[in-house]
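# A closer look at the structure
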Amino acid sequence: MEPWPPVDDEALTTELGAALWDTGPVSEAYLSAALAAFTWRTVDSELAVAELTFDSAVDAELVGMTRSAASARTLSFRSGSVVVEIEVTDAGIVGQLSPSSGGRVSARTAAGTYDEAPVDAVGFFSLGVPPSGPVQLCARTVGYAVSTAWVCLR
């Protein structure tokens, strides 16, 4: 067995040339992998990341301005003109997307999606109780796709 890459330039050129001129069929596994890699080429432009702009658990001075005495946590995310506002309670997450449009929103952890829900025509959605640890919300509507920054909700 020879070392790779070959020490000799001539041997390397010969081996690379043989690989280029091999006219055998490409396996289905390679074709699937190439297609999957190709679909990622525009992921950044398709999915904007909405940064956290307000968190009632952190911005204590602004919490006193609210009229509610409930123990809900309010968060707001923004990416350009898109705003995602959520309220986290013991019952789950309720939120609204702006600009409003029908679509779907999903909530995921590092282990994968844990809940998914439709977004109605005015942008409202409701999700189950978030697990402990970082959570990210991903929304896809007719006009845009946005993903929130990862944040611990519990």
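Our subject is the structure listed above.
The following paragraphs examine the structure supplied in this document. (Residues numbered from 1 in each chain as written. Predicted model: local features only at pLDDT ≥ 70, side-chain atom pairs only at ≥ 80, totals over all residues. Heavy atoms only, no water.)

### Some points on the overall build of the chain
From N to C terminus, the chain includes four helices and ten strands. In sequence order, the secondary structure elements of the chain are arranged as α-α-α-β-α-β-β-β-β-β-β-β-β-β. Across the 154 residues of the chain, 29% fall into the buried class. Contacts in the chain between residues at least 24 apart in sequence constitute 46% of all its contacts with a sequence separation of at least 6. A total of about 10300 Å² of accessible surface is found on the chain, and carbon and sulfur atoms cover 59% of it. (Helix = DSSP H or I, 4+ residues; strand = E, 2+ residues; numbered from the N terminus. Buried < 20%, exposed > 50% of the residue type's maximum accessible area, 1.4 Å probe, protein only. Contact = heavy atoms within 4.5 Å. Areas by Shrake-Rupley, 256 points an atom, 1.4 Å probe, with all protein chains shown as cover.)

### A word on the pairing of strand 7 (residues 124-127)
Side-chain alternation along strand 7 places F125 and L127 on a buried face and F124 and S126 on a face that remains uncovered. By the bridge criterion, four bridges tie strand 4 (residues 92-98) to strand 7 in an arrangement that is antiparallel. Bridge pairing in strand 7 places V94 opposite S126. (Pairing = 2+ DSSP bridges.)

### Some details on the side chain of R73
Note on placement: R73 falls in strand 2 (residues 73-79). A polar contact is formed between the side chain of R73 and the side chain of D55, at a distance of 2.5 Å. (Polar contact = N/O pair within 3.5 Å; in protein donor to acceptor, adjacent residues only side chain to side chain.)

### Looking at the nonpolar core
Counting residues in each nonpolar core, the largest one holds 22 residues, and the members touching the most others are I86, V105, L127 and L153. Elements supplying a minimum of two residues to this core: strand 2, strand 3 (82-89), strand 4, strand 5 (103-109), strand 6 (112-119), strand 7 and strand 8 (134-141). Excluding its chain neighbours within four sequence positions, the residues that come into contact with L127 are G92, I93, V105, A107, D115, E116, A117 and L137. (Core = buried A, V, L, I, M, F, W, Y, C linked by side-chain atoms within 4.5 Å.)

### Description of a nonpolar patch on the surface
Among the surface-exposed residues, V26, Y30 and L31 lie close enough to one another that they form a single nonpolar patch of about 350 Å² accessible area. By the element assignment, V26 lies in the loop between helix 1 (9-21) and helix 2 (28-39). (Patch = residues over 30% accessible without salt bridge, like charges linked within 9 Å, V, L, I, M, F, W, Y side chains within 5 Å. Salt bridge = Lys/Arg side-chain N within 4 Å of Asp/Glu carboxyl O.)

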